[in-house]
Amino acid sequence: MKGWVLYKESSELLRSESFELNRLRQVADQCGISLEAISPEQIDLVVTRDDRQSVLLDGQGVSLPDFLLPRMGASTTYFALAVIRHLERLGVQTFNSSQSIETVRDKLFTHQILAQSNLPVAKTMLAKFPVDIDAVEKHLGLPVVVKTISGSQGTGVFLCESRGHFEDLMQLVEATKSNVNIIIQEFVSTSHGRDLRVMVVGGKAVACMKRTSNDGSFKANYTRGGSVESHELTPEIEWLSAEASRLLGLDIAGIDLLFDGEHYKICEANSSPGFQGLESCHDINVPEHILSFICVRLGQLDRLPRVARVATDSSEKSLMTGDPGS
Ligand SMILES: Nc1ncnc2c1ncn2[C@@H]1O[C@H](COP(=O)(O)OP(=O)(O)O)[C@@H](O)[C@H]1O
Ligand SMILES: [Mg+2]
C-alpha cells in the first residue's frame with residue numbers, strides 16, 4: 001500500500017510540518033505502508049483521456065499511489081488543488097478531498113455553511129471598500145476581529161479595540177490593496193487569549209486541548225508559542241466539532257472553538273491540522289488514528305495500526321466478561 005503526502009513547498013513552511021511528516025512516516029512504516037512526501041513542484045499534469053500515466057513525478061511517469069494525504073492547509077495553491085483534483089479523477093482516494101480543502105481555505109464560506117445548519121459561529125461580515133464603519137459597529141459592536149479570508153497560524157488576524165484603530169486599519173488595507181478579501185468578525189471576549197482545538201478523524205472527535213496565549217495576545221495559536229493542556233471532550237464539544245467536520249466534508253480536521261460564556265462558537269476548520277501540541281498534552285497517537293481511518297476507507301483492515309486493534313480487543317473482552325457497561 002502506497003501513499004503520498006502532499007506537503008508545503010517552501011522550506012520554511014516545510015520545517016513547521018516536519019514533526020507531522022516524521023510521525024506519519026514512523027507509524028506508516030510500522031503498518032507496512034510506504035509513505036512518500038511529495039511537493040506539488042515535483043509534479044507535472046498531463047490532461048488526457050487516454051490512460052493513467054498522466055502524472056509525471058520529477059519528469060517521469062510514475063505508478064499512482066493508493067491514497068493522497070494533502071498537508072498544505074490554508075496555503076494550498078491553485079496548482080496544488082489542481083494536482084489533488086487530477087489524482088481524484090484518476091481514482092486516487094484523497095484525505096481530505098480537494099472540495100473540502102477549498103471550502104475551508106475560505107473562512108467566510110466556512111461560516112456560511114456552518115451558519116446555514118444553525119451551528120454557532122461568530123457574527124461575520126465580508127469587508128466592502130470603502131468600509132461603512134457605522135454599519136460594522138451596529139452589526140458587530142466593538143472591538144472587532146479583522147481576518148484575511150485565508151490564513152493560518154494566527155498570521156492575518158487582527159484585533160481592533162477602538163473605532164479609530166479599526167478605521168486606520170481599513171484605510172491602510174484599502175490604500176495598499178483594495179481588492180483584497182477580508183472578513184470582519186465580532187470579538188468573542190470570553191475567549192480572549194484562549195480557545196479549544198479539537199482533532200476530528202473520520203467523523204470522530206479524538207482529542208481536545210485548550211490553548212492559551214502566553215504573551216497577552218488575544219490569539220491562542222500553538223504555533224505562536226501558546227501553551228496547551230488537555231481538555232475534556234464533552235458531548236457538546238464532540239457534537240459541534242464532528243458536525244462541523246461533516247458539514248464541511250472534512251475526513252481529517254482541526255476544529256477551533258471559541259469560549260462563548262458557558263458554550264462555544266466555531267472559529268475555523270483546518271484541513272491539515274498540526275498535532276505536535278495535541279500529542280504533547282495527551283496520551284494519543286494521532287497518525288495511528290489517521291492511518292487507521294485510511295485503512296478502513298481503502299478496505300485494508302489487515303493493516304490497521306494498533307489503535308484500532310486495541311479498541312477491537314477491549315470490546316471483545318467486555319463482551320466475554322459480560323460487562324453491563326458494554
Ligand atoms: N472572533 C474572535 N473572537 C475572539 N478570538 C478570536 C476570534 N477569532 C480568532 N480569535 C483568536 O485568534 C486565533 C486565530 O484565529 P483563526 O481564525 O483561527 O486564524 P488562523 O487560521 O490564523 O489560526 C484563534 O485561535 C483565537 O484564539
Ligand atoms: Mg486557527
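Refer to the preceding data block for the structure.
What you see is a predicted model; the values in this text were computed from it and never measured. (Residues numbered from 1 in each chain as written. Chains lettered and ligands numbered in written order. Predicted model: local features only at pLDDT ≥ 70, side-chain atom pairs only at ≥ 80, totals over all residues.)

Chemist: Describe the overall build of the chain, naming the residues involved and giving the relevant values.
Modeler: When helices and strands are tallied, the chain shows 10 helices and 16 strands. Residue burial in the chain is summarised as follows: out of 326 residues, 38% are buried. Taking contacts inside the chain between residues at least 6 apart in sequence as the whole, the part at least 24 apart equals 63%. (Helix = DSSP H or I, 4+ residues; strand = E, 2+ residues; numbered from the N terminus. Buried ≥ 20, exposed ≤ 12 C-beta atoms within 10 Å, placed from the backbone. Contact = placed C-beta atoms within 7 Å.)

Chemist: Requested: an account of the sheet that holds strand S6 (residues 67-70), with residues and values cited.
Modeler: If you walk across this open sheet you meet the 4 strands as S2-S1-S6-S7, and the pairing is parallel. Two strands in the sheet have a free side with no partner beyond their single neighbour: strand S2 (34-38) and strand S7 (93-94). Direction of pairing for strand S1 (residues 2-6) relative to S6: parallel, over a ladder of 4 bridges. Paired with Trp4 across the bridge in S6 is Leu68. (Pairing = 2+ DSSP bridges.)

Chemist: Tell me about the site of ligand 1, residues and numbers included.
Modeler: The immediate surroundings of ligand 1 are formed by 22 residues, with Ala122, Val188, Asp195, Lys219 and Ala220 found nearest. At the level of secondary structure, the elements contributing two or more residues to the shell around ligand 1 comprise strand S9 (144-148), strand S15 (252-260) and strand S16 (263-270). Residues belonging to the shell around ligand 1 are distributed by class as follows: 9 nonpolar, 8 polar and 5 charged. The residue makeup of the shell around ligand 1 includes at least three contributed by each of domain 2 (123-187) and domain 3 (191-270). (Near = placed C-beta within 6 Å. Nonpolar A, V, L, I, M, F, W, Y, C, P; charged D, E, K, R; others polar. Domains from an automatic or database assignment.)

Chemist: Tell me about the packing of helix H4 (residues 107-116) against helix H7 (residues 235-248), and please be specific about residues and values.
Modeler: Their axes nearest at 10 Å, the elements H4 and H7 cross at an angle of 110°. With respect to H7, the element H4 is oriented roughly perpendicular. Helix-helix and strand crossings are classified by hand; for H4 and H7 the assignment is right-handed. On the side of H4, the interface is formed by Thr110, Ile113 and Leu114, while H7 contributes Ala244, Leu247 and Leu248. Broken down by class, the residue content of the contact of H4 with H7 amounts to 5 nonpolar, 1 polar and no charged. (Axes fitted to C-alpha atoms, helices over the stretch in contact; angles between N-to-C directions. Parallel < 35°, antiparallel > 145°, perpendicular 65-115°, else oblique. Left-handed = near helix turned anticlockwise from the far one by under 90°.)

Chemist: Got a sec to walk through the nonpolar core? Specific residues and values, please.
Modeler: Of all hydrophobic cores here, the largest spans 57 residues; its most connected members are Leu6, Met199 and Leu257. Counting contributing residues, this core receives three or more from each of domain 1 (2-104) and domain 3 (191-270). Leaving out residues up to four positions away in the same chain, Met199 has contacts with Val206, Ala207, Gly254, Pro273, Phe275, Leu278 and Val286. Val131, Val136, Met170 and Ile182 belong to the second-largest nonpolar core, a separate cluster that totals 12 residues. (Core = buried A, V, L, I, M, F, W, Y, C linked by C-beta atoms within 7 Å.)

Chemist: Talk me through the environment of Val173; I want residue IDs and the actual numbers.
Modeler: Its place among the elements puts Val173 in helix H6 (residues 163-176). With 44 residues separating them along the chain, Val173 and Phe129 place their C-alpha atoms 9.3 Å apart. The residues touching Val173, leaving out its near neighbours within four places in the chain, are Val180 and Ile182.

Chemist: Go over H4 with me, naming the residues and quoting the values.
Modeler: Since the α-helix packs 3.6 residues into each turn, any two residues three or four apart lie on the same face. Considered for burial, the residues of H4 that qualify are Lys107, Thr110, His111 and Leu114. Along the axis of H4, the buried positions cluster into a sector of 95°, meaning they face one direction only. Of the surrounding elements, those touching the buried residues of H4 are helix H3 (98-104), strand S8 (124-126), S9, strand S11 (182-186), H7 and S16. Of the residues one or two after H4, Asn118 is the one with positive phi, at around 65°. (Arc of directions from axis to C-beta.)

Chemist: Before we move on, can you summarise the pairing of S1 with the specific residues and values?
Modeler: Counting buried positions along S1 yields 4 of 5 residues, so the element is predominantly enclosed. In this structure, S1 lies alongside S2, joined through 5 bridges in parallel fashion. Each residue of the ladder has a partner; that of Leu6, found in S2, is Ile38.

Purely spatial values, then, with no claim about function.
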